[in-house]
Structure formats: structure tokens, C-alpha cells
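Here's the letter readout for the chains.
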Protein chains: 2
Amino acid sequence: MRLSQFYLPTLKETPKEAEIASHRLMLRAGMVRQSSAGIYTWLPLGHRVLRRIEQIVREEQDHAGAQEMLMPTIQPAEVWRKSGRYDDYGPEMLRIIDRHERELLYGPTNEELITEIFAATVRSYRDLPKMLYHIQWKFRDEVRPRFGVMRGREFLMKDCYSFDLDYEGAVRSYRKMFVSYLRTFARMGLKAIPMEAATGPIGGDLSHEFIVLAPTGESAVFCDREVLDIDVLSEDVDYGDDGALGAVIDRFTRVYARTEEKHVAADFEKTVPEARRYEGRGIEVGQVFYFGKKYSTPMGAVVTGPDGQAVTVEMGSYGIGVSRLVGAIIEACHDDNGIIWPDAVAPFDVEIINLRPGDEACDAACMEAYAKLQSAGKDVLYDDRDERPGVKFADADLIGIPWRMVIGPRGIKDGKVELKRRDGTVADEVSLAVALDRLAAAARG
Amino acid sequence: MRLSQFYLPTLKETPKEAEIASHRLMLRAGMVRQSSAGIYTWLPLGHRVLRRIEQIVREEQDHAGAQEMLMPTIQPAEVWRKSGRYDDYGPEMLRIIDRHERELLYGPTNEELITEIFAATVRSYRDLPKMLYHIQWKFRDEVRPRFGVMRGREFLMKDCYSFDLDYEGAVRSYRKMFVSYLRTFARMGLKAIPMEAATGPIGGDLSHEFIVLAPTGESAVFCDREVLDIDVLSEDVDYGDDGALGAVIDRFTRVYARTEEKHVAADFEKTVPEARRYEGRGIEVGQVFYFGKKYSTPMGAVVTGPDGQAVTVEMGSYGIGVSRLVGAIIEACHDDNGIIWPDAVAPFDVEIINLRPGDEACDAACMEAYAKLQSAGKDVLYDDRDERPGVKFADADLIGIPWRMVIGPRGIKDGKVELKRRDGTVADEVSLAVALDRLAAAARG
């Protein structure tokens, strides 16, 4: 994409309504634009990141054996009456009356609807277990939307629901999702720590939140820093092997990591050496719940068991805040000058900066790099604008593409280009050919 | 995907509310399930098709130079007041009041919102032209939703908006979209005919609808059957070459093809030989509009021109009914036994039918085929269920995967499998190795 043609309305001023770094940077970098309180348009740069994150979530859900479907945004009030949550949910639920005076609502979550569909379509234990997910926009009418996409009203969420014949099966499903979440966040370059959590309005018996440490987080959290060093991506996982899943989970859960609601100061001090204690804040990016028959009982999600008896199914639900993750990643990955995208979620892989558009040698080298990197399957942003180098460098720092190739008249005369990483780990002067080889070999993460 | 594990709730009975083939078949094949009038859940099989269609639309929009973004589903009433459409739109607009008593609505289309965003962010002629699109759920509160996803209330639409400095630029953008629509529908295996159309509630000066001929269509249409033979995919198109775009469009527009509103019986009879006249019905799957300054004037979408003067931009909008296309394709591609998916949008490429699960030789051959086809990048559905062959064949006909490989004990003894196309063009007994080679070589379309 040529930057001269790309729709990228960056802002020079810091918008005064933005209280936290991710909100500020997303507005300044032209990633999003607010259309009403807590409701955003995703401009092309932001949309690219959103889709990258969504795709990682999808791949790891599929890998864990969940099947993708898509429930609508608008739900009938009836199904929420069956579970009893229609009245309980309060003013956060966006309630709607249609032209025929029927009561509808914009789904804030989907336990009711999926349970209704399951109950109407699945009859036998032979069809279990099932894990079904969708990635769909939700709406919660927050009284005070803030922090940009981190606490918006219309937000994109992945929610998965598991259906099992018994408690043991439900725990197996819970473990699959737990491990898939560890992999999902790690692939995005995030350290998301599973923490025992209160079960809250969804209800249930067992729950973990996945928390990214950040001073701007909403939750107070306590953990042993050792948890940050655990690696989950170096080996693949066999989701059919319950023991292997348990072993991965144990490595995390034996380390102290709790949210405020579950924190016990005495235990923390006893089990974690002082130097390793983290007491701070975190951003919740996912949550896994086991809640048994809370929905399946009132909504009649019953199958015939192997012995011919009716069995009410055991359920769990598993959410990831897809749009919220864009903000959370920026909170974890930025400096004073802008965003520092992890490779796997970056909107582009490489930015080429032409320091002197119109100079024949610069233009030719840039076009060669642009064409070759695209042929190598890279997403390339080419800053071909007629702007001063200072403006280009500042914009490049702001939007934070992981790799940068700077091509200017002086370097080109010596056959050199500058190859840099936005995170500061690489800054080399090399030939164009070497730079292209190194970029072609760089993994997406 | 093993069919024994796939969430595919097919129906044996034909649902009585379904009046047309696509609605009937989508319900029977377990593709969708209604949750409220005109609002559907996309089950895994239907969701796969929806995503395939969406991806073709996306690729062709990108190819034409449009940039993807994503506007929210919920819009503020204010922007619709600026254009004057808030009151005009009537009861089809789903109006919502939030907890702070602010007026919102579920977007039925996005001319207002995109124009507002454009007006706030683009200042100079140097940023033109721009074509911006999104693929997002819309809501129209139809008084009588019917025909399944063909006329639902919540539906997925791709809408693109063009912004140009002058009329000539706007016509260039119109032509780009026109040609990209021809390619988009052709890639899906559809014959979608561009027809001059009335401009309707969006207003404007120039419009074409893209119509798929089908007896169940909502529009009466008249055309020269010659238009069905025009090929648009055999050559690639250069979207920078306005003359080349014009030539492609001319091949279509010089042939008589009009909707009822624009039809002139005398012209039709004079220009089209009787044997080639089609007078029937059609399904609208896309529409392109040029409407000049209808929105840019009231909403202040103004840029500074090359001479420093303010210029109100010229606009067009371009819609494709993504979810509607699933129904339209089925209307065009089915027989009495079920769906016949065109390769490019099929939910799976190949279905393997094991005629005797439990038979060692059959199981081994099926597993070999399953693994090898997946390695070759194919999406494979493996019917490993413990069901009678008759049930399997009936289900396979119903869900309509393009290729089928039937493996049974008698054939395997002779080293043979049956390789069939759902459309009846292939039905061969060959060795497993030959079958795999042929499938590996088959294009997705």
C-alpha cells in the first residue's frame, strides 16, 4: 500500500478525551474514530490489526476442536426470560422494540441463544462433546464508556460454549480452552496470565481470567513474576491428550496469580519471595467459565444418555475480547513516540521510507523493494509521500510497523539502505539485497 | 472435518414456513436456524459458505483499489438528521433509545456515517480519489420478512463509497466498481446481469442493479439471453485503465437488460430477436449508484481543490448483499435432491463417504484419502458415521459438496473408489491414487 493513497487520517494533537496511552495512540495513528460515546469506526489501519487478532483467535479455537458459527447481534427477549436474566441484566442491556412491538435486545453475550439452539437440535450423547464459538459484535450500554476500545459499548468478542455429558467431560473442555487461550495470547506477543477469578454475573463454579499486566488496567492483581517466564509456544499441544493439557495448566496454576477478589495476602507473602511479588494492575483479555447446568436446566438442554436416560448437559463459556485486545496490546507495547506492534498482529510487516521521492535512484530502489517484498508475501506500507524525513520518521514511530527500510540518496550512492526494527533490536546499514533477504526470512510471529 | 463430530443439524422434514428452494434447503441442510422473524444464526456449514463469499467480495474490492474499514452497527440519529433521511426512512429503520435517552439506530446503510467521517478527516484534493468499503451487518425492519436469508431483517452487506473531485472522477470510480462486481459474481459461479435501474430511496443519477435470473426473484426483468454468454474472468483487468474498464462495461450495456422500472417493451422487441428474449424474474445481488453531491452537500464533505477553492466532493455507493448471495446461489444451483455448490463458495471441497465404517480396508483407505487431501490443502468432510449408505448419499446430495469420493468394501477389493461430481459431470471408478491426483489438481474456481 502506498501511503500517499492509504486512508490514514493521523492526528497531530493528542485528543483531550483520551486518558490512556492506547486510546491516545489509536486516535492519533488513525486507527479508529468515535461515532458515538463508546462506539467506534475502525479505519483501515485499525481494521487490519483487528482482523489479524481475530484470525489468531480463530486458528487457535479451530486447533482446539471448537467449531465456528455465527449468531445474530439482535436476540429475542424471550430466550433471556427463560434463563431469568432479562430482568437481572439491568440498564447495560440495550433493549429494542421492533415495528411489531416485539421485544428484542442487542446481545451482550450469548449463553441463552446458544443453549436454545443446542436444545432444539442436539438429542443424543453421541453428538457430544461439542464446542461451538462465534466472533461477533456485542453491545453493553456502559454508563460511562471510556478508554477507547478497551471499554466501548459496541465491541467484538469471541465467545465459545462447551456442551458435555458429565462433569469430567466439562472439565476436559475447560482445559482445552484454557490451553488454547495461553497459546492465543502468546502468539500475539502478549504475556497473559491466568488468574483464579470470581465467577460474577454469568455464575458458576470455576473460572480463570487471563490478565495482561499494565498500570492502566481495571483490575488489581497479585502474582509471582515467575509466571511471566513460562513458555507455551515452543511445543505443540495434543488437545486429545487430557494429561498433557493438565500438565501445561499446572505449570501456570501452581504459581501464585490472583485477582483482588481471590487474593489472600497471607498466602501471597508466604509462597512468593518478596523480589518476585507483583502487586499492580492488569487488563482482562479473556475469561473461561465452567457453570454446569445453570442454563441447560432452565432452557431444557437435555440429551439421551448411553443408558437411554435423559441427561441435562454440562456447559462452560469462554470469552476473548477481540477489539479490547487491540488496546491491551498497545498498552503493553508502546513508547513515548508511538506503538510498537508485535509481528503477529502488526497492520503491515514492513514500512519502506523514501527519503527523497522524485530522486530517480531512490524511487527505483523503493519500487524494487516494494515489489520484491510483496512477491515474498509481505504486507508492505510504502511512504512515498512528498513530506520531510522528520514527518515520515515521526509517523513511522507513531504507527509502529515492526520493520522499517529507509532509502535515501546518500545511502543509495554507496549501495546501502537502513534496516531497523521499531523495537530497537536492529539498526543496520546493509545493501538492498541483504535487507530484502533478511526481511524475506523474518517470520510473522 | 469428520461428519460424526461436525455440528450439522440437518432436518428430515421440509419446514412448512419455507416458500422457496433456498430457504428450504438451507434449513434442511443445517446451514441456518431462525432465532426471530428474519433473524438467523449461521450454523457451521452455512457460516463456511458465508465466509467464502465474503472473502471473494473482499479480494475483488481490494483488487479494484477500495480500502477496507469497519463502521459500527449502531449509529447516532444525528447524522441521519443532517441528511434528512431520519424522518424519511420510516418504520424499516430500527430505532433505539440508550440508557441516557440518546437516539440511536441500527444502520440499514452507511451513506451518512461514511460521509461524516470523510468530512471530518479529508481536507485536500490530493487525498482523492478514495474508495472505502466495509462488510458489516445491517438491519432493516421489514414488515414481512420472508424467503429466509434472501429477505431477512439482520443481513450482511458489503457497502463501498467513492469520493471524487469531479464528475469524471466519479464515473471512473463507478466503472471500477461495475467491473469488480462482474468479476465478483462470476467468481462465485453466478451469471449476474447488470441492468439499468431506478435509483430509489438512495437517490441519484446513474444506477445499475446486478441480477441473477431465477423464477423466485422479486424483480421482473427483461433481457437478451446473449448477455449470459459474456465472459469476464478469462482476462485480468487493469483498474488504472479507464478505457479498458469502459470496454468491458460496453460489452454488457449494449445488450438489452432492464428491470421493470426501466423496461420499454417496444425497444425490447425491436432490438432482441424473439428466441433470445428473457422475460422473467431475477434476484438483485448488488447495486451500484452514482449520486453526486446528495450527501456531501448537506454534510459538508468539502475539500480544497488544486486552485485553493473549496470543492464539494462527488460520491457513489456500491452494495453487495453478502448473506443474500448464499440464498441466491442456491436458487441458481440446486436440484430436487439438494444444493449443488459452485466450487468457489462450497463449504468443503470434497466429501469422502465411507460405505462401511469398521471395515478395516475401508477405514484405512478413507483415512489415507482424508489425510492426503488435507495435506494438499483441500477442505474435506469425511462421512465416517455409522449410517446406511442411503442416508449418506441423501445427505451428501442435500449439502452439495462439489466432489465426492465413495469408498466401499467391494470397490476396495478391486483397488477402486468412486469419484463423482455433485453436478453430474464426473462419475468414474478409479484407483485411490488416481482419484487423489485428480482432486489435488482440481481448482477451487
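### Considering the sheet that holds strand S4 (residues 74–76) of chain A
Residue and element names in this part refer to chain A.
- With antiparallel pairing, three strands are arranged side by side in an open sheet as S4-S6-S5. Strands at the two margins of the open sheet, each flanked by one partner only, are S4 and strand S5 (94–97). Across the sheet, the mean angle from the axis of one strand to that of its neighbour is 35°, orientation sign disregarded.
- Pairing of S5 with strand S6 (residues 103–106) involves four bridges; the strand directions are antiparallel. Across the sheet, Ile96 pairs through a bridge with Leu104, a residue of S6.

### What about the pairing of strand S13 (residues 277–292) of chain B?
Residues and elements named next belong to chain B.
- S13 sits mainly inside the fold: twelve of its 16 residues count as buried.
- Sheet topology note: the strand S10 (residues 206–213)/S13 ladder contains eight bridges and is antiparallel. Along S13, the bridge assignment pairs Val212 with Ile283.
- Sheet analysis places strand S11 (residues 219–224) next to S13, joined by six bridges and oriented antiparallel. Paired with Asp224 across the two strands is Arg277, which belongs to S13.
- In the sheet, S13 pairs with strand S16 (residues 314–321) via six bridges, with the strands oriented antiparallel. By the bridge assignment for S16, Gln287 is matched with Gly319.

### Side note on the state of the cysteines
Residues and elements named next belong to chain B.
- By the definition in use, this model includes zero disulfides over all chains.
- Sulfur of Cys223: no disulfide; nearest cysteine sulfur belongs to Cys333 and is 17 Å away.
- Residue Cys223 is classed as buried on the basis of its relative accessible area, which comes to 0%.

### Describing the relation of the copies chain A and chain B
- Between chain A and chain B, the superposition needs a rotation of 180° and an axial shift of 0.0 Å, giving an RMSD of 0.0 Å. Here the symmetry operator amounts to a two-fold rotation axis. When C-alpha positions in chain A are compared against the rotation axis, the closest is assigned to Ile96 of chain A, at 2.9 Å.
- A shared binding surface is used by both copies, with 100% of the interface residues of chain A retained as interface residues in chain B.

### Structural notes on the side chain of Arg183 of chain B
All names here are of chain B.
- Here Arg183 is to be found in helix H6 (residues 167–187).
- On the accessibility criterion, Arg183 (10% relative accessible area) is buried.
- Those residues in contact with Arg183 that sit more than four places away from it in its chain are Glu60, His63, Val232, Leu233, Glu235, Asp236, Val237 and Tyr239.

### A look at helix H5 (residues 111–121) of chain B
- In terms of burial, H5 of chain B is a largely internal element, nine of the eleven residues being buried.
- Taken together, the buried positions of H5 of chain B are Glu111, Glu112, Leu113, Ile114, Thr115, Ile117, Phe118, Ala119 and Thr121 of chain B.

### Details of the confidence of the model for chain A
- Of the residues in chain A, 98% reach a pLDDT of 70 or more, and the chain-wide mean stands at 95.
- Model confidence for the complex: the whole-complex pTM is 0.97, and ipTM, which rates the interface, is 0.96.

### Examining the side chain of Arg385 of chain A
- Mapped onto the elements, Arg385 of chain A comes out in the loop between strand S20 (380–383) and helix H12 (389–399).
- Not counting the four nearest positions on each side in its chain, Arg385 of chain A is found in contact with Leu3, Ser4, Pro357, Val391, Lys392 and Asp395 of chain A.

### Focus on the sheet that holds strand S5 (residues 94–97) of chain B
Residue and element names in this part refer to chain B.
- Reading across the sheet, the three strands line up as S4-S6-S5 and stay open at both edges, with antiparallel pairing between neighbours. Strand pairing shows two members of the sheet lacking a second neighbour, strand S4 (74–76) and S5, which therefore form its edges. If you compare each strand with its neighbour and ignore which way they point, the axes differ by 35° on average.

### Overview of unusual backbone geometry
- Cis geometry is adopted by the peptide bond preceding Pro129 of chain A, which originates at Leu128 of chain A and carries an omega value of -5°.
- Along the polypeptide, Pro129 of chain A turns up in the loop between helix H5 (111–121) and strand S7 (130–139).
- Even without being a glycine, Glu101 of chain B presents a positive backbone phi close to 65°.
- With respect to the element layout, Glu101 of chain B can be found in the loop between S5 and strand S6 (103–106).
- Of note, the phi angle at Phe147 of chain B is positive, near 60°, even though the residue is not glycine.
- Within the fold, Phe147 of chain B resides in the loop between strand S7 (130–139) and strand S8 (154–164).

### Observations regarding the domain arrangement of chain A
Residue and element names in this part refer to chain A.
- Entries for chain A in the domain assignment read domain 1 (21–339) and domain 2 (348–441).
- One C-alpha centre belongs to domain 1, the other to domain 2, and the line joining them spans 39 Å.
- Contact with domain 1, which involves ten residues of that partner, is made by eight residues of domain 2.
- Regarding the contact of domain 1 and domain 2, the summed buried area is about 840 Å², with carbon and sulfur atoms giving 49% of it.
- When the buried area of domain 1 at its contact with domain 2 is split by residue, Arg48, Arg52 and Ile339 rank highest and sum to 48% of it.
- Linking domain 1 with domain 2 are two salt bridges.
- If you list the elements that add at least two residues to the side of domain 1 that touches domain 2, you get helix H1 (21–28), helix H2 (44–63) and strand S18 (338–339).
- With three residues, H2 is the single largest residue contributor to the side of domain 1 that touches domain 2.
- For the side of domain 1 that touches domain 2, a count of residues per class yields four nonpolar, two polar and four charged.

### Thoughts on the interface of chain A and chain B
- Between chain A and chain B, the residue contacts involve 58 residues of the former and 58 residues of the latter.
- Roughly 4700 Å² is buried in total at the junction of chain A and chain B, and carbon and sulfur atoms are behind 57% of that figure.
- At the junction of chain A and chain B, the tally comes to four salt bridges.
- With a closest N to O distance of 3.9 Å, Glu68 of chain B and Arg51 of chain A form a salt bridge.
- In this structure, the connection of chain A to chain B is made through 22 residue pairs in polar contact (both at pLDDT 80 or more).
- Sorting elements by how many residues they give to the side of chain A that touches chain B places H2 of chain A first, with six residues.
- Classifying every residue of the side of chain A that touches chain B gives 32 nonpolar, twelve polar and 14 charged.

### Topic: the packing of aromatic side chains
- Scanning the model with the defined rule gives 31 aromatic pairs over all chains in all.
- Measuring from ring centre to ring centre gives 5.8 Å for Tyr106 of chain A and Tyr106 of chain B, while their planes differ by 20°; the resulting arrangement is stacked. With Tyr106 of chain A in strand S6 and Tyr106 of chain B in strand S6, the pair connects residues from two separate chains. The same class applies to Tyr106 of chain A and to Tyr106 of chain B, which are both buried.
- Consider the rings of Phe185 of chain A and Phe210 of chain A, whose centres lie 5.9 Å apart with planes at 40°: the pair is tilted.

### Regarding the packing of helix H11 (residues 360–375) of chain A against helix H14 (residues 432–441) of chain A
All names here are of chain A.
- Following both chains from N to C, one finds H11 and H14 inclined at 25°, their axes separated by 11 Å at the closest point. The angle between H11 and H14 falls in the class roughly parallel. Crossing hand, H11 versus H14: right-handed. Contacts between H11 and H14 pair Ala365, Glu368, Ala369, Lys372 and Leu373 from the former with Leu432, Leu436 and Leu439 from the latter.
- Each residue belonging to the contact of H11 with H14 can be placed in one class, and the counts come to six nonpolar, no polar and two charged.

### Re the packing of H2 of chain A against helix H10 (residues 322–332) of chain A
All names here are of chain A.
- The geometry of H2 relative to H10 is characterised by a closest axis approach of 9 Å and an angle of 115° between their N-to-C directions. Viewed along their axes, H2 and H10 adopt a mutual orientation that is roughly perpendicular. Once H2 is placed against H10, the crossing between them reads as right-handed. Contact with H2, carried on its side by Val49, Leu50, Ile53, Glu54 and Val57, involves Val322, Ser323, Leu325, Val326 and Ile329 of H10 and no other residues of that element.
- Here the contact of H2 with H10 is built from residues that sort into eight nonpolar, one polar and one charged.

Conventions used here
- Residues numbered from 1 in each chain as written.
- Chains lettered and ligands numbered in written order.
- Predicted model: local features only at pLDDT ≥ 70, side-chain atom pairs only at ≥ 80, totals over all residues.
- Heavy atoms only, no water.
- Pairing = 2+ DSSP bridges.
- Helix = DSSP H or I, 4+ residues; strand = E, 2+ residues; numbered from the N terminus.
- Axes fitted to C-alpha atoms, helices over the stretch in contact; angles between N-to-C directions.
- Buried < 20%, exposed > 50% of the residue type's maximum accessible area, 1.4 Å probe, protein only.
- Disulfide = S-S within 2.5 Å.
- Least-squares fit on C-alpha atoms with pLDDT ≥ 70 in both.
- Contact = heavy atoms within 4.5 Å.
- pLDDT = per-residue confidence, 0-100.
- Domains from an automatic or database assignment.
- Buried area = accessible area lost by both parts, 1.4 Å probe.
- Salt bridge = Lys/Arg side-chain N within 4 Å of Asp/Glu carboxyl O.
- Nonpolar A, V, L, I, M, F, W, Y, C, P; charged D, E, K, R; others polar.
- Polar contact = N/O pair within 3.5 Å; in protein donor to acceptor, adjacent residues only side chain to side chain.
- Phe/Tyr/Trp six-rings, centres within 6.5 Å; stacked < 30°, edge-to-face > 60°.
- Parallel < 35°, antiparallel > 145°, perpendicular 65-115°, else oblique.
- Left-handed = near helix turned anticlockwise from the far one by under 90°.

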